[in-house]
Amino acid sequence: MAKYKLEYIWLDGYTPVPNLRGKTQIKEFASFPTLEELPLWGFDGSSTQQAEGKSSDCVLKPVAIYPDTTRKNGAIVMCEVMMPDGTTPHPSNGRATILDDPGAWFGFEQEYFLYQDGRPLGFPVDGFPKIGQGPYYCGVGYKFMGDIARQIVEEHLDLCLDAGINHEGINAEVAKGQWEFQIFGKGSKRAADEMWVARYLLNRVCEKYGIDVEYHCKPLGDTDWNGSGMHANFSTTILREKGGKAYFEALMAAFADNVEEHIAVYGPDNHMRLTGLHETQAIDKFSYGVADRGASIRVPHSFVKGDKYQGYLEDRRPNSQGDPYQIASRILKTISLVPAP
């Protein structure tokens, strides 16, 4: 038997963007614990804007477990927040609203800035870099990348892979100090679970470097520097195996009819990012197009090849602060409105 350090993590009740919270429980197991072996655990919801002080109990329900190689016998336990009965989802529990569809696949592309002393990593104390956007995207060399950022993203990548997260890759992004990583998962909730755990690991890696992760979608405001998105690639069994032009067009009509519902959960301040510039469509418009990164939904060439209209689609509107649980939930709800072919 060995004592395991179980880091229970969850989303608090802050709006419009929830924060990650975590606390450690020590339990003894013969080997790395399974999800079924993990107990429910309570916490003080009055300290996380999820309960009042006079009735503060909330419950953590484990939904996924990952090895944490930064700790001896460590594990990260992703949790849903439940009411005191342990079975009723808390109102802040976005995961519980996702339609259960094992045939749904999601891929999230998380862009973010690394910040130090209140400005993007590598920015001068006053103003902006002498070199504007251009050479930083997938760049290399100290002049463009500095000497800390790559250490952070590589360490984060290794921790995600150690944890068994289906991390798809990393790259430097268009603005200085801006990076991206991608998470893919089969099943309606897996990619969102792993995205939140990957965010947790990134935040924790940055602690020891004295760096903050800035997830805001437009941290540099109304400038010519790019904002940050979290493009959501999605597919279903029907889209992969049947598809068809008629079904695709009906699906796009449903997305067009629910623009406000999607924007409402695609991250705050998206009006600053979805301007029609910097590879975005305007927030009050809906469009789709083949290989069009200025559209609301980009249709890959592979999707329309041979007029099959099969595969995956990319919703480019979710921003970097978006909750992947709420995003996945809304996309699947809209898809469910369209009759299967």
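As shown above, the structure is provided for reference.
No experiment lies behind these values; they were computed from the predicted model shown.

Asker: Please provide a residue-by-residue account of helix α9 (residues 324–336), values included.
Answerer: In this model α9 runs 18 Å from its N-terminal to its C-terminal C-alpha over 13 residues, within 8% of the 18 Å that 1.5 Å per residue would give. For α9, the full list of buried residues reads P324, Y325, I327, A328, S329, R330, I331, L332, T334 and I335. Put simply, D323 is the residue that caps the front of α9, since its side-chain oxygen is 2.9 Å from the backbone nitrogen of Y325.

Asker: I'd like to hear about the packing of aromatic side chains, residue by residue, with values.
Answerer: The tally for this structure, following the rule as stated, stands at 19 aromatic pairs. Where Y4 meets F29, the ring centres are 6.1 Å apart and the plane angle is 65 degrees; that geometry is what we call edge-to-face. Of this pair, Y4 sits in strand β1 (residues 2–11) while F29 sits in strand β2 (residues 20–29), and the two are 25 residues apart along the sequence. This pair shows no difference in class: Y4 is buried, exactly as F29 is. Note on F123 and F128: the rings are 6.1 Å apart at their centroids and 70 degrees apart in plane angle, and the pair reads as edge-to-face. A relative accessible area of 6% places F123 in the buried class. Following the ring pairs from residue to residue traces out a cluster consisting of F123, F128, Y136, F144 and W225. Above the plane of the ring of W41 lies K23, whose end atom (NZ or CZ) is 4.1 Å from the centre. One Lys or Arg, R199, reaches over the ring of W196 and ends 4.5 Å from the middle of that ring.

Asker: Account for the pattern of salt bridges, naming residues and giving values.
Answerer: By the definition in use, this model includes 11 salt bridges. As a salt-bridge pair, E314 and R316 come within 3.3 Å of each other at their nearest N and O atoms. With relative accessibility at 7%, the residue R316 sits in the buried group. When salt bridges that share partners are traced, they join E80, R95 and D193 into one network.

What counts and what doesn't
Residues numbered from 1 in each chain as written. Predicted model: local features only at pLDDT ≥ 70, side-chain atom pairs only at ≥ 80, totals over all residues. Heavy atoms only, no water. Helix = DSSP H or I, 4+ residues; strand = E, 2+ residues; numbered from the N terminus. Expected span 1.5 Å × (residues − 1). Buried < 20%, exposed > 50% of the residue type's maximum accessible area, 1.4 Å probe, protein only. Polar contact = N/O pair within 3.5 Å; in protein donor to acceptor, adjacent residues only side chain to side chain. Phe/Tyr/Trp six-rings, centres within 6.5 Å; stacked < 30°, edge-to-face > 60°. Lys NZ or Arg CZ within 6 Å of the ring centre and 35° of its normal. Salt bridge = Lys/Arg side-chain N within 4 Å of Asp/Glu carboxyl O.

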